[in-house]
Amino acid sequence: MLHPSYSDLINVVNSDVEPGEHPIIQSRYSIVIATAKRARQLIAGEEPLVETDSNKPLSIAVEELAERKVKIVSEDDSPEDEIPEDEIRE
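Definitions and limits used
- Residues numbered from 1 in each chain as written.
- Predicted model: local features only at pLDDT ≥ 70, side-chain atom pairs only at ≥ 80, totals over all residues.
- Heavy atoms only, no water.
- Helix = DSSP H or I, 4+ residues; strand = E, 2+ residues; numbered from the N terminus.
- Contact = heavy atoms within 4.5 Å.
- Areas by Shrake-Rupley, 256 points an atom, 1.4 Å probe, with all protein chains shown as cover.
- Buried < 20%, exposed > 50% of the residue type's maximum accessible area, 1.4 Å probe, protein only.
- Axes fitted to C-alpha atoms, helices over the stretch in contact; angles between N-to-C directions.
- Parallel < 35°, antiparallel > 145°, perpendicular 65-115°, else oblique.
- Left-handed = near helix turned anticlockwise from the far one by under 90°.
- Nonpolar A, V, L, I, M, F, W, Y, C, P; charged D, E, K, R; others polar.
- Salt bridge = Lys/Arg side-chain N within 4 Å of Asp/Glu carboxyl O.

Engineer: Residue-level account of the overall build of the protein chain, with values.
Structural biologist: What the protein chain contains, in helices and strands, is 3 helices and 0 strands. Element order for the protein chain, N to C, with α for helix and β for strand: α-α-α. Long-range contacts, defined here as pairs at least 24 residues apart, represent 37% of the contacts in the protein chain between residues at least 6 apart. Summed over all atoms, the accessible surface of the protein chain reaches about 7,300 Å², with 48% contributed by carbon and sulfur.

Engineer: Hey, could you go over the environment of Val-73 for me, with residue numbers and the actual values?
Structural biologist: With respect to the helices and strands, the residue Val-73 is situated in the segment after helix 3 (57–66). Residue Val-73 is classed as partly exposed on the basis of its relative accessible area, which comes to 41%.

Engineer: Lay out the packing of helix 2 (residues 28–43) against helix 3 with the relevant residues and their values.
Structural biologist: Two numbers describe how helix 2 lies on helix 3: the axes approach to 8 Å, and their chain directions differ by 120 degrees. In terms of their interaxial angle, helix 2 and helix 3 are classed as oblique. Between helix 2 and helix 3 lies a crossing whose hand is right-handed. Residues Ile-31, Thr-35, Ala-36, Arg-38, Ala-39, Leu-42 and Ile-43 of helix 2 form the contact with helix 3, whose participating residues are Pro-57, Leu-58, Ile-60, Ala-61, Val-62, Glu-64 and Leu-65. The class makeup of the residues in the contact of helix 2 with helix 3 is 11 nonpolar, 1 polar and 2 charged.

Engineer: I'd love a proper account of the pattern of salt bridges, names of residues and values included.
Structural biologist: Between side chains of opposite charge, a pair can form as their charged atoms come close. Applying the stated criterion across every chain, the model contains 1 salt bridge. The closest approach of N and O atoms between Glu-64 and Arg-38, which form a salt bridge, is 2.5 Å. Here Glu-64 is found in helix 3, whereas its partner Arg-38 is found in helix 2, with 26 residues between them in sequence. For Glu-64, a relative accessible area of 0% translates into the label buried.

The structure is reproduced here in structure tokens:
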């Protein structure tokens, strides 16, 4: 079993959300998807952001999330929605 629990990870991710705002992560499914994406990045060659005894990409991804080394952004805040500065016309 991986530690921390899903509930702990959800609380860590949502700890920066202001009262009255929608939480970034609302379900276990969202945590699973986020850690799987990070694990794929690690498999593809990204460097781990935490020191750990584990060499398993998923375990490393969970630890990075728990230590707040990786930030999950909502779809509304994704960089794909942003317009690069050089394309902004005044």
